[in-house]
Amino acid sequence: MTDLIAQRSSAPISELDRGRVHVRVPGSRRRGRGPRQSPLWAVLFIGPTAIGLLVFYLWPTIRTFTMSFTETGPFGGSTFVGLANYVRLFQDPELVGALVNTAEYTIIALVGIPIAIAIAALLNTTGLKGRGAYRTLYFIPVVTMPAAIALVWRMIYNGDYGILNQFLHLFGIEGKSWLTDPATALVAIAIVGIWAGLGTNIVIFLAGLQGIPDTILEAADLDGAGPVRKFFSITIPLLSPSIFFVSVVSVIGALQVFDLVYMMLGKSNPAIPDTRTIVYLFYEAGFIDNQRGYAAAIAFLLLIIILVLTVIQFRLQKKWVHYE
Amino acid sequence: MSELSLDTRAVTSATAERSVPVARRTRSHWVVHTVLIAGAAVMIFPFVWQTLTAFKTFTQSVAVPPVIIPQPWVWTNFAEVFASMPFGQMFLNSVLLTIGRTVGQVALCTMAGYGFARIRFRGRNLVFVLFLSVLMVPSQLYLLPQYEIMQNLGWLNSLQALIVPGIFSAFGTFLMRQFFMSMPVELEEAARIDGANPWQTFWRVMLPLAKPGIIALVVFTVLWSWNDLLWPLVVTTDPEKMPLSVGLSQLVGLHSTNYPVLMAGALLATLPMLVTFMFLQKQFIQGIAFSGSKG
């Protein structure tokens, strides 16, 4: 700050004379708008990131698009094949499977939202002690490496000596090999996905709940609304912006699930056809089978699915999200 | 709601509730605590089990009925992790990758975010829309060409490959822009009137005030960098160049069902982040809550 004061005395008066420094009445201008600067400043501030995003993200996106119309030759190089990759994609029985699996995973993952709301609401109980400790415990899976999470759960789910089956045995329930049984593998992985992401959603919902003014709930008290009525008629509508945010982010995340599936299944799992998600299919095509063009087509299909589902969510938002 | 307010019984019951709040509260708090403790047990059980297993012998780890407490506690599993892969080097790679991406992102995203929030220039909206479009594209879409770029640069199996693409972030720029937009313009105007140029204003006035936003960005970058799997899996094949996340997936290949060794490896890979979290809990949780409130 002293530097600034020092500069004040040496501020170039000539600039003021030339009208390059605009002195205006504070608050007369809209927020976020500075005086027009030399474009060089914009280049200095935004240029590095803009170039990086262009080189590593925007251009590669376009490149993937063109790549999806080519086929990789056995010795590298690629030939233009038109829409062949897309035609092949829509005839690929594995794609149908991957789409169904991804959809199933996404739907199960959404169950995490009401669970997170319920826990956040409990944590928000007036005068509850130990809120910080609970929040920490629920948050621990969020900071844990997905690869490590996958390993622990593989052990827990193991059919022969996994602790889950031994626990179920206490209640006379016969367990199974959860991760190799095609009927249960995807659900088992999705449960881990919910468990791993719960902490993030609880924190977001808790912040949302704490933003609800007490006065509204007190007014409802006076009007004789019970806790259940208050929850559904006041809390949920006022929380709807947070719910909307979490559901958009959850759907996008679930559509791109890879780490958990890759690490939990292992390479020779008989349940792979029933758990292979779109990104798994993409990884196999692009980096194991070395079919870049085909993988690029899969990635594009994923982009379109994400865009369509996100647009639908934004459209539906008008029906249920209340902004103050 | 207005019809209900005329109901005198309801008003009385609400008043009654207020007159005996303590007793009711304590009773309902017991129920709340029970549910929350049960939930917390489910949340941390896998970590408890992981830790216990890391100290068991193989036989104990697969025993039916289960051996809960290791007897005796064995430490050789940890030695086994170090013997089967260059664990120390992988750890270092993870640390360098995380620091490199975080420092790079904070530097670049605060600058770009400030630029979008406070510097007016022709085409600003168009450039911003381009940034936002990067935000919407799933990472799989640029993975293959990014890999090709790395291949052409001769960067495969290098630290640069792990760090460089990760320092440019549309998300971070957006986060910081939102943050700078919410800060009062008056301070900056004062600095400008005092003769500071935009860089001085940014560096001396805005950056020190942007701490909460920067912490949120650091939290996200550190978490994503340490835990990232797909990109490192693609660009590193040499164990000496892999970060821990990929190292763990290699460990699975080597000891497919030797759970005590796998758990020892998983424990070692997650511990640094858990310790960081324990020290910086408040910042982590506020950072995540901050992102939610921006949605």
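Note that this is a predicted model, so its numbers are computed, not measured.

## A closer look at the UniProt feature "domain: ABC transmembrane type-1" (unreviewed entry) in chain A
Feature annotation in UniProt places "domain: ABC transmembrane type-1" (unreviewed entry) on residues 94–313 of chain A, given in this structure's numbering. Secondary structure across residues 94–313 of chain A comprises 75% helix and 0% strand; the distance between its end C-alpha atoms is 27 Å.

## Thoughts on the UniProt feature "transmembrane region" (unreviewed entry) in chain B
Using the residue numbers shown here, the UniProt feature "transmembrane region" (unreviewed entry) corresponds to residues 30–49, 91–114, 126–143, 155–176, 209–226 and 259–280 of chain B. A helix fraction of 100% and a strand fraction of 0% characterise residues 91–114 of chain B, whose end C-alpha atoms lie 34 Å from each other.

## Observations regarding the interface of chain B and chain A
On the side of chain A, 100 residues touch chain B, which itself brings 119 residues to the contact. Between chain B and chain A, a total of about 10,400 Å² is buried, with carbon and sulfur atoms accounting for 73% of that surface. Across the contact surface, chain B and chain A share one salt bridge. Salt-bridge contacts for Glu148 of chain B lead to Arg63 of chain A; the nearest nitrogen and oxygen are separated by 3.1 Å. Taken together, the links from chain B to chain A amount to 14 residue pairs in polar contact (both at pLDDT 80 or more).

## Thoughts on the UniProt feature "domain: ABC transmembrane type-1" (unreviewed entry) in chain B
The positions that UniProt labels "domain: ABC transmembrane type-1" (unreviewed entry) are, in the present scheme, residues 91–280 of chain B. What you have in residues 91–280 of chain B is 78% helix and 0% strand, and the ends, taken at the C-alpha atoms, are 21 Å apart.

## Focus on the packing of aromatic side chains
For the structure shown, the criterion picks out 43 aromatic pairs over all chains. Geometrically, the ring pair formed by Tyr161 of chain A and Tyr259 of chain B is edge-to-face, given 6.4 Å between the ring centres and 70° between the ring planes. You can see Tyr161 of chain A sitting in the loop between α8 (146–157) and α9 (163–170) and its partner Tyr259 of chain B sitting in helix α16 (residues 259–279), one on each of two chains. Relative accessible area serves as the criterion here: at 18%, Tyr161 of chain A is assigned to the buried category. According to the relative accessible area criterion, Tyr259 of chain B is buried, its value standing at 4%.

Reading guide: rules and limits
Residues numbered from 1 in each chain as written. Chains lettered and ligands numbered in written order. Predicted model: local features only at pLDDT ≥ 70, side-chain atom pairs only at ≥ 80, totals over all residues. Heavy atoms only, no water. UniProt positions renumbered as here; feature names shortened; annotations may be inferred. Helix = DSSP H or I, 4+ residues; strand = E, 2+ residues; numbered from the N terminus. Contact = heavy atoms within 4.5 Å. Buried area = accessible area lost by both parts, 1.4 Å probe. Salt bridge = Lys/Arg side-chain N within 4 Å of Asp/Glu carboxyl O. Polar contact = N/O pair within 3.5 Å; in protein donor to acceptor, adjacent residues only side chain to side chain. Phe/Tyr/Trp six-rings, centres within 6.5 Å; stacked < 30°, edge-to-face > 60°. Buried < 20%, exposed > 50% of the residue type's maximum accessible area, 1.4 Å probe, protein only.

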